[in-house]
Amino acid sequence: RRAFLLQGHIGAAWQDGQYHRTRDLDECKRFFQDFMTRLRTDYVDIGMLHFVDTQADYEALLKSGMVEYAQELKRQGVKAVGMSSHDPVVARQAAEAGLIDVLMFSINPAFDLLPENVIVDDLLEKKSYENRPFAGVNPVRERLYRTCEARGVGITVMKTLGAGSLLSAGSSPFGKALTSAQCISYALTRPAVSSVLIGCKT
């Protein structure tokens, strides 16, 4: 167990055998406890406030009692409070407010080019990149990374390979396939990045 860092989500739940997002505090607590039971552990390293992607999500989070629950878990042994997001503006607000120690954020060479208001589903659509100049990292995303670095908020990267789309010339917005190593290296060079998560197909 000491060789693994576990992050348990606060704001996700199971309903009829299916994942869903929730802001119901009791449901969040049941899911988090069930997570620890299933993994036969008495502590989780990161309590991750789950999927905060819009200003409305952020405001609902603040009203839900989930932040207070995460802080209570930290007093009881969770090592860090985190938040997962695909929105650099909302994520920066949480970092600046001192709500989180860790940010789970989507970073790869393609996503970093897009405007901050592109929603998560469109990040993976090739049409989002059409007729768009490749002019470097979006300054709003760069500001998020620098803010996290300055405030000691570690970033753990998701969507490192763009859900696999960057590994194929047909789906890559660059018209060429990138390698896993290129994507991982890119993410690890962003300010504040502490770790890179890789999904496995097999």
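A word on the pattern of salt bridges. Inspection of every chain in the model, using the stated rule, returns 10 salt bridges. Where Arg 92 meets Glu 96, a salt bridge forms, and the shortest distance between an N and an O atom there is 3.4 Å. Placement of both Arg 92 and Glu 96 in helix H4 (residues 88-96) is noted, with a separation of 4 residues, approximately one turn of the helix. On the basis of relative accessible area, Arg 92 is assigned to the buried category, the value being 13%. A relative accessible area of 34% places Glu 96 in the partly exposed class. Across the pair Glu 96 and Arg 143 runs a salt bridge whose closest N-O atoms are separated by 4.0 Å. Placement of Glu 96 in helix H4 and of Arg 143 in helix H6 (residues 139-151) is noted, with a sequence separation of 47 residues between them. When salt bridges that share partners are traced, they join Arg 1, Asp 45 and Lys 79 into one network.

Read across the open sheet, the 6 strands follow the order E1-E4-E5-E6-E7-E8; overall the sheet is parallel. On the outer flanks of this sheet lie strand E1 (7-10) and strand E8 (193-196), each paired with one strand and no other. For this sheet, the mean inter-axis angle between neighbouring strands, taken without regard to orientation, is 30°. Judged from the 4 bridges that link them, E1 and strand E4 (residues 46-49) form a sheet pairing that is parallel. What sits directly across from Ile 10, in E4, is Leu 49. Of the strands in this sheet, strand E5 (80-85) and strand E6 (102-106) are in contact with H4, which crosses E5 at around 165°.

This paragraph deals with the nonpolar core. Counting residues in each nonpolar core, the largest one holds 38 residues, and the members touching the most others are Ile 10, Leu 49, Met 83, Leu 103, Ile 107 and Ile 155. Here this core takes 5 residues from helix H3 (residues 66-76), the largest share from any one element. Non-local contacts of Leu 49, meaning those with residues more than four positions away in its chain, are made with Ile 10, Leu 61, Met 66, Val 67, Ala 70, Val 81, Gly 82, Met 83 and Ser 84. Formed by 11 residues, the second largest nonpolar core is a distinct cluster that contains Val 118, Leu 123, Leu 166 and Cys 183.

Here the focus is the environment of Thr 202. Assignment of secondary structure puts Thr 202 in the segment after E8. Exposure remark for Thr 202: the relative accessible area of 95% places this residue in the exposed category. It is 34 Å that separates the C-alpha atoms of Thr 202 and Val 89, two residues lying 113 residues apart in sequence.

This part takes up the packing of aromatic side chains. Across all of its chains, the model carries 2 aromatic pairs by this definition. Between the aromatic rings of Phe 32 and Tyr 69, the centroid separation amounts to 6.3 Å while the plane-to-plane angle is 85°, which identifies the pairing as edge-to-face. Of this pair, Phe 32 sits in helix H1 (residues 25-38) while Tyr 69 sits in helix H3, and the two are 37 residues apart along the sequence. Comparing Phe 32 with Tyr 69 shows no difference in burial state: the two are buried. With 6.2 Å between their ring centres and 70° between their planes, Phe 105 and Tyr 145 make a pair best called edge-to-face. Placement of Phe 105 in strand E6 and of Tyr 145 in helix H6 is noted, with a sequence separation of 40 residues between them. By the burial criterion, Phe 105 is buried, and Tyr 145 matches it. In this structure, Arg 1 packs its charged tip against the face of Tyr 43, placed 4.0 Å from the ring centre. Across the ring face of Phe 51, the terminal group of Arg 21 is positioned such that the distance to the ring centre comes to 4.2 Å.

Conventions we followed
Residues numbered from 1 in each chain as written. Predicted model: local features only at pLDDT ≥ 70, side-chain atom pairs only at ≥ 80, totals over all residues. Heavy atoms only, no water. Salt bridge = Lys/Arg side-chain N within 4 Å of Asp/Glu carboxyl O. Helix = DSSP H or I, 4+ residues; strand = E, 2+ residues; numbered from the N terminus. Buried < 20%, exposed > 50% of the residue type's maximum accessible area, 1.4 Å probe, protein only. Pairing = 2+ DSSP bridges. Axes fitted to C-alpha atoms, helices over the stretch in contact; angles between N-to-C directions. Contact = heavy atoms within 4.5 Å. Core = buried A, V, L, I, M, F, W, Y, C linked by side-chain atoms within 4.5 Å. Phe/Tyr/Trp six-rings, centres within 6.5 Å; stacked < 30°, edge-to-face > 60°. Lys NZ or Arg CZ within 6 Å of the ring centre and 35° of its normal.

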